[in-house]
Amino acid sequence: VFSISQDEVVIGPCVEVAQRRGARSVMVAGCGSNVALQRAVAERVPGVERVTCVDFPGVVEVAAARTDDPRIRYVGADIGRDGCGATADVVLSINSVLSDSDAENRAILRSIRAALPQGGALAGTFPTILTPLELGWLQPGRALLDQVDMEENRFTERIQGLTQIFYSPVRLRLVMAEAGLRVDRMQVLFLDSPALAEQARGYYELGDDPDIVAWELFVEATAV
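Since the model is a prediction, treat every value here as computed from it, not as a measurement.

Scoring rules and cut-offs
Residues numbered from 1 in each chain as written. Predicted model: local features only at pLDDT ≥ 70, side-chain atom pairs only at ≥ 80, totals over all residues. Heavy atoms only, no water. Salt bridge = Lys/Arg side-chain N within 4 Å of Asp/Glu carboxyl O. Helix = DSSP H or I, 4+ residues; strand = E, 2+ residues; numbered from the N terminus. Buried < 20%, exposed > 50% of the residue type's maximum accessible area, 1.4 Å probe, protein only. Phe/Tyr/Trp six-rings, centres within 6.5 Å; stacked < 30°, edge-to-face > 60°. Pairing = 2+ DSSP bridges. Right-handed = clockwise from strand over helix to strand, strands pointing away.

Here we look at the pattern of salt bridges
At step 1: With the rule as written, the count across this model stands at 14 salt bridges.
At step 2: The residue Glu8 makes a salt bridge to Arg44 at a minimum N-O spacing of 3.0 Å. In this pair, Glu8 is assigned in helix 1 (residues 8–20) and Arg44 in helix 2 (residues 36–44), connecting sequence segments 36 residues apart.
At step 3: Its relative accessible area of 43% is what places Glu8 among the partly exposed residues.
At step 4: Residue classification places Arg44 among the partly exposed residues on the basis of a relative accessible area of 34%.
At step 5: The closest approach of N and O atoms between Arg21 and Asp184, which form a salt bridge, is 3.4 Å. One end of the pair, Arg21, is in the loop between helix 1 and strand 1 (25–29); the other, Asp184, is in strand 9 (residues 181–190), and 163 residues separate them in sequence.
At step 6: Looking at Arg21, the relative accessible area reads 28%, which means it is partly exposed.
At step 7: Residue Asp184 is classed as partly exposed on the basis of its relative accessible area of 37%.
At step 8: In this structure, a network of salt bridges that share partners links the residues Glu16, Arg20, Arg21, Arg182, Asp184, Arg185 and Glu220.

A few points about the packing of aromatic side chains
At step 1: Applying the stated rule across the entire model yields three aromatic pairs.
At step 2: On the numbers, 5.3 Å between centres and 25° between planes, the contact of Phe155 with Phe166 is stacked. Linking Phe155 in strand 7 (residues 154–157) with Phe166 in the loop between strand 8 (162–165) and helix 7 (169–179), this pair joins segments that are eleven residues apart in sequence.
At step 3: The class for Phe155 is buried, based on a relative accessible area of 2%.
At step 4: Classification of Phe166 by relative accessible area gives buried; the value is 0%.
At step 5: Between Phe155 and Tyr204, the aromatic rings sit 6.1 Å apart at their centres with planes inclined by 55°, giving tilted as the arrangement. Placement of the pair is Phe155 in strand 7 and Tyr204 in the loop between helix 8 (194–203) and strand 10 (215–223), with a sequence separation of 49 residues.

A short note on the pairing of strand 2 (residues 50–55)
On any regular strand, side chains alternate: one points to one face of the sheet, the next to the other face.
At step 1: Burial analysis of strand 2 places five of its six residues in the buried class, the great majority of the element.
At step 2: Pairing of strand 1 with strand 2, which is carried by five bridges, proceeds in the parallel orientation. When the sheet's bridge partners are listed, Val28 is paired in strand 2 with Cys53.
At step 3: Relative to strand 3 (residues 72–76), strand 2 runs parallel, the two being bridged by five bridges. Across the sheet, Val51 pairs through a bridge with Ile72, a residue of strand 3.
At step 4: Assessed by its sense of winding, the connection that carries the chain from strand 2 through helix 3 (residues 57–64) to strand 3 is right-handed.

Some thoughts on unusual backbone geometry
At step 1: One non-glycine residue, Arg142, lies in positive phi territory at about 55°.
At step 2: Residue position: Arg142 is located in the loop between helix 6 (130–138) and strand 6 (148–149).
At step 3: Unlike most non-glycine residues, Glu205 shows phi in positive territory, near 55°.
At step 4: Within the secondary structure, Glu205 sits in the loop between helix 8 and strand 10.

Overview of the sheet that holds strand 8
At step 1: Judged by pairing direction, the sheet is antiparallel, and its three strands sit side by side in the order 6-7-8 without closing on themselves. The outermost strands of the open sheet, each flanked by one partner alone, are strand 6 and strand 8.
At step 2: Here two bridges tie strand 6 to strand 7, and the two strands are oriented antiparallel to one another. When the sheet's bridge partners are listed, Asp149 is paired in strand 7 with Arg154.

Here it is as structure tokens:
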């Protein structure tokens, strides 16, 4: 999935959850090498004392070199296998649960739940198989439809030559419940900023209609 964590369309809702939940500690699970989200959390969440960013060691090494706020620290780990290596009041996850392995995705969600206290929150974005399905019907030539497997919620990613699981809303709700996370809010998040819309047009091979944009699920869940 193209990078979205540096865009205010995504940053804004994540920061709002951390603010509303009164988070003192925030984790960015699967942080990637972009640092805009963790910087925004550190700058805009009142009273935040620690922002922990977790991803594979080589990835966090790049991100750490771009950050100088002492409240932001990095942990190199395979989240699904090693856990998050820390705890937090709120965990933010931007497109980090989309492996081609359902078992691995569930392991990532269990690790996120383990990093939260009871009552803590997970918030973030999750690609859904309904997006390429809908865009495929609107796309000239409808080539995207050949990349969609609705039964297994798999999307064939031709650019990298792999498949990824983009859960449907109810399946995502079920796998979160299995991990001990109660979904409080699930809504459509349109990736409609100029930068994200342009990325989507190239990634999904869309036409020029400005109203045809990609979208994902924004989820807020509570650890139970």
